Amino acid sequence: MARILITSAIPYINGIKHLGNLVGSQLPADLHARYHRARGNEVLFLCSTDEHGTPAELAAAKAGKPVADYCAEMHAVQADLAKGFCLSFDHFGRSSSPQNRRLTQYFAGRLADQGLIREVSERQVYSHADGRFLPDRYIEGTCPNCGYDRARGDQCENCTKQLDPTDLIDPRSAISGSTNLEVRETKHLYLRQSVLRPDLEAWIDTKTDWPILTTSIAKKWLNDGDGLQDRGITRDLDWGVPVKKGTEDWPGMEGKVFYVWFDAPIEYIASAAEWAEASNLTDSEWERWWRTDKGAEDVRYVQFMGKDNVPFHTLSFPATIMGSGDPWKLVDYIKSFNYLNYDGGQFSTSQGRGVFMDQALSILPADYWRWWLLSHVPESSDTEFTWENFQTNVNKDLADVLGNFVSRVTKFCRSKFGEAVPAGGADTPEAAALVADLTARVQQYQAHMDAIDIRKAAAELRAIWVVGNEYLQNAAPWTLYKTDPDAAAAVTRLALNLIGLYAALSQPFIPNASETLRQAMGLASLDWPEDVAAALTALSAGAPFTVPDVLFRKITDEEREGWQEQFAGQRG
RNA sequence: GGGCCUGUAGCUCAACGGUUAGAGCAGAGCGCUCAUAACGCUUUGGUUGGGGGUUCAAAUCCCUCCGGGCCUACCA
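Values in this document were obtained by computation on a predicted structure and should not be read as measured data.

Before going further, it helps to spend a moment on the overall build of chain A. When its secondary structure is counted, chain A shows 20 helices and 19 strands. The C-alpha atoms of chain A give a radius of gyration of 27 Å, which matches the 25 Å a tight globule of 572 residues would have. The C-alpha extent of chain A, read off along each of the three principal axes, is 95 × 55 × 40 Å. The buried share of chain A, reckoned over its 572 residues, is 55%. Long-range pairs, those at least 24 residues apart, make up 77% of the contacts in chain A between residues at least 6 apart in sequence.

This next bit is on the packing of helix α2 (residues 26-38) against helix α12 (residues 366-375). Interhelical geometry of α2 versus α12 gives an angle of 100° and a closest axis separation of 10 Å. Relative to α12, the element α2 is oriented roughly perpendicular. Contacts between α2 and α12 involve Leu27, Pro28, Asp30, Leu31 and Arg34 from the former and Arg370, Leu373 and Leu374 from the latter. Here the contact of α2 with α12 is composed, by residue class, of five nonpolar, no polar and three charged.

Take the packing of helix α8 (residues 260-278) against helix α10 (residues 310-324) next. The interhelical angle for the contact between α8 and α10, taken along N-to-C directions, is 80°, at an axis separation of 10 Å. Judged by the inter-axis angle, α8 sits roughly perpendicular to α10. Where α8 approaches α10, its residues Trp261, Phe262, Pro265, Ile266, Tyr268 and Ile269 are matched on the opposing element by Phe312, His313, Phe317 and Thr320. Among the residues forming the contact of α8 with α10, the class breakdown is eight nonpolar, two polar and no charged.

Moving on to helix α3 (residues 54-63). Those residues of α3 that sit buried are Thr54, Ala56, Glu57, Ala59 and Ala60. For α3, the elements touching its buried residues are α4 (67-84) and β5 (132-133).

Here we take up the protein's contact with RNA strand B. Asp50, Gln124, Arg137, Gln346 and Asn404 are the nearest of the 56 residues found near RNA strand B. Ser380 places a side-chain nitrogen or oxygen 2.8 Å from a phosphate oxygen of RNA strand B. Arg408 places a side-chain nitrogen or oxygen 2.5 Å from a base nitrogen of RNA strand B. Contributions of two or more residues to the surface near RNA strand B are made by α3, β4 (117-127), α7 (212-223), α8, α13 (387-416) and α15 (454-475). The dominant element in the surface near RNA strand B, judged by the number of residues it contributes, is α13, at eleven residues.

Along the chain, Leu494 turns up in helix α17 (residues 485-506). With a relative accessible area of 10%, Leu494 lands in the buried category. With 43 residues separating them along the chain, Leu494 and Thr537 place their C-alpha atoms 7.4 Å apart. Those residues in contact with Leu494, other than ones at most four positions away along the chain, are Ala431, Leu434, Tyr471 and Leu536.

Right, let's get into empty space enclosed by the protein. Scanning the entire structure with this criterion turns up four cavities of 30 Å³ or more. Lining the largest cavity we find 13 residues, and of these Ile233, Trp261, Phe262, Ser316 and Thr320 sit closest to its centre. Secondary-structure elements contributing two or more residues to the lining of the largest cavity are α8 and α10. Taken together, the residues that form the lining of the largest cavity break down as nine nonpolar, three polar and one charged.

A separate point is the packing of aromatic side chains. Under the definition given, this model contains 32 aromatic pairs. Where Tyr368 meets Phe552, the ring centres are 5.4 Å apart and the plane angle is 75°; that geometry is what we call edge-to-face. With Tyr368 in helix α12 and Phe552 in the loop between α19 (532-535) and α20 (557-566), this pair connects stretches of sequence that are 184 residues apart. By the burial criterion, Tyr368 is buried, and Phe552 matches it. In this structure an aromatic cluster arises from ring pairing among Tyr342, Phe347, Trp369, Trp372, Phe385, Trp387, Phe390, Trp563 and Phe567. Sitting above the plane of the Trp289 ring, Arg3 keeps its charged end 4.5 Å from the centroid. Positioned above the aromatic ring of Tyr259 is the side chain of Arg235, whose terminal nitrogen or guanidinium carbon lies 3.7 Å from the ring centre.

A few words on α8. Since there are 3.6 residues in each turn of an α-helix, residues three or four apart along the chain are aligned in direction. Taking the largest bend as the criterion, α8 deviates by roughly 40°, centred on Tyr268. Counted residue by residue, α8 has 16 buried out of 19 residues, so it is predominantly covered. In the segment just after α8, Asn280 is the residue with positive phi, at about 55°.

Quick look at the side chain of His376 now. Mapped onto the elements of the fold, His376 is located in the loop between α12 and β19 (383-385). With residues near it in sequence (within four places) discarded, His376 still touches Thr383, Asn389, Asn393 and Arg455.

Frequently, the measure chosen for interface size is the accessible area removed from exposure when the parts meet. What the domain assignment lists for chain A is domain 1 (3-114 + 198-209 + 258-337), domain 2 (117-191) and domain 3 (397-535). The centre of domain 1, based on its C-alpha atoms, is set 30 Å off from the matching centre of domain 2. Summed over both partners, the interface of domain 1 with domain 2 buries about 650 Å², with 71% contributed by carbon and sulfur atoms. The residue Glu57 makes a salt bridge to Arg132 at a minimum N-O spacing of 2.7 Å. Summed over the shared surface of domain 1 and domain 2, the number is one residue pair in polar contact (both at pLDDT 80 or more). Going through the elements one at a time, α3, α5 (98-113) and α10 are the ones with two or more residues in the side of domain 1 that touches domain 2. Among the elements that line the side of domain 1 that touches domain 2, the one with the most residues is α3, at four residues. A breakdown of the residues in the side of domain 1 that touches domain 2 according to their chemical character gives six nonpolar, three polar and one charged.

Reading the values: rules and limits
Residues numbered from 1 in each chain as written. Chains lettered and ligands numbered in written order. Predicted model: local features only at pLDDT ≥ 70, side-chain atom pairs only at ≥ 80, totals over all residues. Heavy atoms only, no water. Helix = DSSP H or I, 4+ residues; strand = E, 2+ residues; numbered from the N terminus. Rg over C-alpha atoms; globule rule 2.2 N^0.38 Å. Buried < 20%, exposed > 50% of the residue type's maximum accessible area, 1.4 Å probe, protein only. Contact = heavy atoms within 4.5 Å. Axes fitted to C-alpha atoms, helices over the stretch in contact; angles between N-to-C directions. Parallel < 35°, antiparallel > 145°, perpendicular 65-115°, else oblique. Nonpolar A, V, L, I, M, F, W, Y, C, P; charged D, E, K, R; others polar. Near = heavy atom within 4 Å. Polar contact = N/O pair within 3.5 Å; in protein donor to acceptor, adjacent residues only side chain to side chain. 1 Å grid on protein atoms, 1.4 Å probe; cavity = no way out; pocket = protein on both sides within 12 Å on 5 of 7 lines; lining within 4 Å. Points joined across faces, edges and corners; volume = space filled by probe spheres on them. Phe/Tyr/Trp six-rings, centres within 6.5 Å; stacked < 30°, edge-to-face > 60°. Lys NZ or Arg CZ within 6 Å of the ring centre and 35° of its normal. Bend = angle between axes of the 7 residues up to and from the residue. Domains from an automatic or database assignment. Buried area = accessible area lost by both parts, 1.4 Å probe. Salt bridge = Lys/Arg side-chain N within 4 Å of Asp/Glu carboxyl O.

Below, the structure written as C-alpha cells:
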C-alpha cells in the first residue's frame, strides 16, 4: 500500500475564492486524494487558510473587526464552502495555529544555526496616518515615466514600468490616502537562498517528469539575472508569527513578524500536526508523514497549485527545508496549473467578475462544477469558462450520457422485471467483448489518474460511460424481451452492474452522484474495480434496487441566460 | 525590455520526428423507442497563425514575423 501526502496551495483568508482559485489547487488535489483512497492507498490530504500579511489586516479593518476574529470567521466560511464542494481534506488548518508559530520559529532558528540567515538594514516607507510600514504596492503616486496618477510603488499599471516607491511623484498611502509618509531605516532577516542555489538546481534537475510549467518557472528564477536572490523573510507588521530564533528572542527583531511566504508553506507541516492533535494522535503519527527519519521515507508527496505559486514551492520552501539540515520530507511531484478565465477576461475578486464558490453552490450542486472544472482544468494553457460551454458540456456529459443511462436501465428493469436484479440468461460474446473493452479502458483511466493527467482521465471516464449506452443500444433488451425474456434479463443484469461500476469509477470526480448511485443500487460500498469482470457481477440476481431520481437535471437556456447576466460584474 | 508558455475543425482539446492530423461538443443524415426529445450509427468540416529552413519524413526541430497569456522577486 502506497502512502501519498497531498497538499493544496492554501487559499488566502481575505474573502471567498472564485472558481479559478478552486480549479487551480484544491479541486485537483481532492481528485487525486479521492482516487488514491479508492485504490486502497493511505492518504493524508491537507489544506489550510493562509492568514497572515497586510491584506488580511486591511480586510479585517474594513470589516471593522479584530484581525484574529476576522480570520476565525473567514476560516469557518471557507471550511464550509470546502465541504460544499466535497473537498475531502483530512484536515483544514490555519496558518495562524500555535503549531505553525512553533514550527516557523523553529525553522528560522535552524536556518540561523546553519548560517543561512543574514540581517539587512533597508529603507522602507512608513505612514504616520496608518501607523504602519507600507508594502511597495500600497503606495500610490504619479508615475515619473508616463504621468499616470495612480501608479503603484512596485510598478506602474499604465506603462508597466518597474518602480521603486521613492520614484513616485507625490506619493500617498493607498490605504488612507495620507501623504504624511516617511522613509525609515528598518532591519530585516534574509534567507540566503543564493547559498543554496546549487543544491536547489541539482534537485530540480532530477525532476524530469514534472510539468514543464513547473520546471520552467523554477529554472527561470534560478538563472535569471544574477541567479536566485536572497529573500526577506520578515516584515514590520503586527499580524503574523513573531520573529524568534527557535524559542529564544531575536535581538533587534522585536515587534516584527515573519513574512507570510515564509510561514505559509511551513503550515503544510503544521497542518499535519494540527490534524494529529484534532484526531487525538501522537506526534509520531504526523511525523511519519513528514520526517524521513521517522517513517516518511516511503511517502510520495504531491503538491497542487496555480502557476503564480510555483517559485515559492520549487525554491523558497525547499530552501527552507534543505537549509534546516533536518530530514524533513521534500516534495516529490508538483502539479501546477494555468489560469481559468471568465468569459473573455479574467476572474476578478476586486471587480466581482466571475463565479465565486458560494454563488456556484447556490445555483447548482457541487458535482456539476466539479465535473466541468476538472474536465477542463487548465493543464496546458489558460482555459476559458463560458456559460454556453458549461451548459452544453454538463448537459451532455452528466445528464445525457451518464444520468440518462442510469435512468433508462433502471426504469426498463422496473417495468419488465421489477425493482430487483433479474435472474436468467447466459453470458454472450457481446457481454465478453464489453468486459474486455472496459478492462482496457479502466486501465487507461487509471494510467491517466496515476499520471495526474486530469483532462485525459475525464475523457476516458466519459468514454466508459458511453460504452454502456453503446452496449445497451446493440443488445436492445426491449426488443429481445419480446422473444427471449431470459436473454433480456441477462443484458439488464449486466447493465445494472454497469451502474455500480460507474459509481465507483466516477467517485473522485462526482462524489455526490456516486453516493446516490451506490444507495440506489443497494451497494454496501464503492469498491474500486480492480477486476472489471468480477465488479460486473457484484449485483446478483434478486438484489433489490431503487430507481433514483433524475441524477442530473439539465441546465435550461433561461437559466444560462440569467446567470450570464448575473455574473457579468459587480458581485452583489 | 528580458524570460517562459501558447496558437491545430465553428467551440474545447489530442497527436511529444514516422500510415491518410484525431476525439468530444456544435452542424447534417439515418436508425431505435428502454430513457432526462435521451441513446446508437454514419457524416460534413483543417494550407496545423504567416513565411523560410533542416530531414527520406515536420503540427512536432531551427530561423523569422504576427497574435494571445503568464512571470519579472515587498499582494498573496
